[in-house]
Amino acid sequence: MKISLIDLAFLSEKRKDVLLLLEEGPKTGDEIKTALNVNSTSIMPQIKKLKEGRLIVQDDRNTYRLSDMGEIVVEKMEPLLDTVRVFEENYDYWINHDFTAIPEHLLNRIDELGNYFMLEADLNRLFEVPEDFKNNLLESKHIKMFLSYFNPLHIEIYSELVRKGAEMCLILTEPVFDRMKKDYFEDLKTLVESKNTTIYICDRNVTLKDVVTERFCSLVLFDKKGKFDHQRLMSFDESALKWCEELFLYYKDTSRLLETI
């Protein structure tokens, strides 16, 4: 029975690995075996199936390359595989959190989060700012931050960043702004008056925290009950930084500049 292209490309891990390897360029049989750390008995039957399916072709001297059709298939494979990996690596997190605050055009490119990792809550320091996050933030010089929840411990961090002369652009939701204005007026005033800080107010009901600097990015999603559970995603990948910056700019475009308090 003839195998479908979907099964041919995805059903076998070895066939998928061969296709992705050949995207780098033509390879001999020996180069394929070495790169994938396999023997002839396990890989040659899969190469034969890829040839029969016209996804790869064999040139002279036992060299294999992607066919024209194979190039198109592999080009479409990678984003799908990367998207599956993003969700699969922290499956429970994604199924239990609300990501409706992420616009569709960025959800469609969520594979760009790349090699992210999760900062889990330390039960002994549940209400403290995680050290990895704090240290990377304080070492950053250009900071964009969208905040939809208030943490008093952040105030000290903002103040230190102002003292260091870091360039900051903050988007605060209305509830966060109101809380800061009521209980931390002088700190808010310092931020507003800082020549390196701009603040925008977002009047949308959004449950999200998005931080991106020249060093790293961090994304906080609330659970499906609208609660913050002290988990955050972090990444240093360039593609993730660009993705999180686009998310920030998406909300900045619909927010109003705070000029005075």
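Residues numbered from 1 in each chain as written. Predicted model: local features only at pLDDT ≥ 70, side-chain atom pairs only at ≥ 80, totals over all residues. Heavy atoms only, no water.

Participant: Describe the side chain of His 97, listing the residues and the values that go with them.
Facilitator: Summarising the element assignment, His 97 is placed in the loop between α6 (91-96) and α7 (104-107). A distance of 2.7 Å separates a polar atom in the side chain of His 97 from a polar atom in the side chain of Asp 229. Discounting residues that sit within four places of it in the chain, His 97 has contacts with Leu 221, Phe 222, Asp 223, Lys 224, Asp 229 and Gln 231. (Helix = DSSP H or I, 4+ residues; strand = E, 2+ residues; numbered from the N terminus. Polar contact = N/O pair within 3.5 Å; in protein donor to acceptor, adjacent residues only side chain to side chain. Contact = heavy atoms within 4.5 Å.)

Participant: Outline the sheet that holds strand β6 (residues 167-173), listing residues and values.
Facilitator: Judged by pairing direction, the sheet is mixed, and its eight strands sit side by side in the order β4-β10-β9-β8-β5-β6-β7-β11 without closing on themselves. Pairing within the sheet leaves two strands with one partner each, and these edge strands are β4 (117-119) and β11 (256-258). Going from strand to strand, the sheet's axes swing by 20° on average, the running direction of each strand aside. Pairing geometry for strand β8 (residues 208-213) and strand β9 (residues 217-221), over five bridges, is antiparallel. Considered in β9, the bridge of Leu 208 is made with Leu 221. The strands that helix α11 (residues 185-193) touches are β6, β7 (197-202) and β11; relative to β7, the one it contacts most, it runs at about 115°. (Pairing = 2+ DSSP bridges. Axes fitted to C-alpha atoms, helices over the stretch in contact; angles between N-to-C directions.)

Participant: Account for α11, naming residues and giving values.
Facilitator: Every buried residue belonging to α11 is among Leu 188, Leu 191 and Val 192, and all of these are buried. Around the axis of α11, the buried residues are gathered within 100° of arc, so they sit on the same side. The exposed residues of α11 that point more than 90 degrees off its buried face are Glu 186 and Glu 193. (Buried < 20%, exposed > 50% of the residue type's maximum accessible area, 1.4 Å probe, protein only. Arc of directions from axis to C-beta.)

Participant: Explain a negative patch on the surface to me, using residue names and the numbers behind them.
Facilitator: Taken together, the side chains of Glu 23, Asp 68, Glu 71, Glu 75, Glu 78 and Asp 82 present a region of like negative charge at the surface. For Glu 71, the position within the fold is in helix α5 (residues 68-89). Note on Glu 71: relative accessible area 45%, which makes it partly exposed. (Patch = residues over 30% accessible without salt bridge, like charges linked within 9 Å, V, L, I, M, F, W, Y side chains within 5 Å. Areas by Shrake-Rupley, 256 points an atom, 1.4 Å probe, with all protein chains shown as cover. Salt bridge = Lys/Arg side-chain N within 4 Å of Asp/Glu carboxyl O. Lys, Arg positive; Asp, Glu negative; His and termini not counted. Charge placed at Lys NZ, Arg CZ, Asp CG, Glu CD.)

Participant: Talk me through unusual backbone geometry; I want residue IDs and the actual numbers.
Facilitator: One non-glycine residue, Asn 37, lies in positive phi territory at about 55°. Assignment of secondary structure puts Asn 37 in the loop between α3 (29-36) and α4 (40-52). A residue is classified by how much of its surface remains accessible, and Asn 37, at 72% relative accessible area, is exposed. Despite not being glycine, Arg 54 has its phi angle at roughly 65°, a positive value. Examined against the element boundaries, Arg 54 turns out to sit in the loop between α4 and β2 (56-59). Here Arg 54 falls in the exposed class, since its relative accessible area comes to 55%.

Participant: Run through the packing of helix α9 (residues 152-164) against α11, naming residues and quoting values.
Facilitator: Between α9 and α11, the shortest axis-to-axis distance is 10 Å and the interhelical angle comes to 30°. For the crossing formed where α9 meets α11, the hand is left-handed. In this structure, α9 uses Ile 155, Tyr 158, Ser 159 and Val 162 to contact α11, whose residues at the interface are Asp 187, Thr 190 and Leu 191. Here the contact of α9 with α11 is built from residues that sort into four nonpolar, two polar and one charged. (Left-handed = near helix turned anticlockwise from the far one by under 90°. Nonpolar A, V, L, I, M, F, W, Y, C, P; charged D, E, K, R; others polar.)

Participant: Could you give an account of the environment of Leu 247, naming the residues involved and the relevant values?
Facilitator: Mapped onto the fold, Leu 247 is located in helix α12 (residues 238-252). For the pair formed by Leu 247 and Lys 224, sequence separation is 23 residues and the distance between their alpha carbons is 20 Å. Among residues more than four places away in sequence, those in contact with Leu 247 are Ala 101, Ile 102, Pro 103, Leu 106, Leu 208, Asp 210 and Leu 219.

Participant: Residues and numbers for the pairing of β7, please.
Facilitator: In terms of residue burial, β7 counts as a mostly covered element, since five of its six residues are buried. When β6 meets β7, the two strands line up parallel, connected through six bridges. Along β7, the bridge assignment pairs Ile 171 with Tyr 200. The sheet contact formed by β7 and β11 spans three bridges and is antiparallel. Each residue of the ladder has a partner; that of Ile 201, found in β11, is Arg 256.

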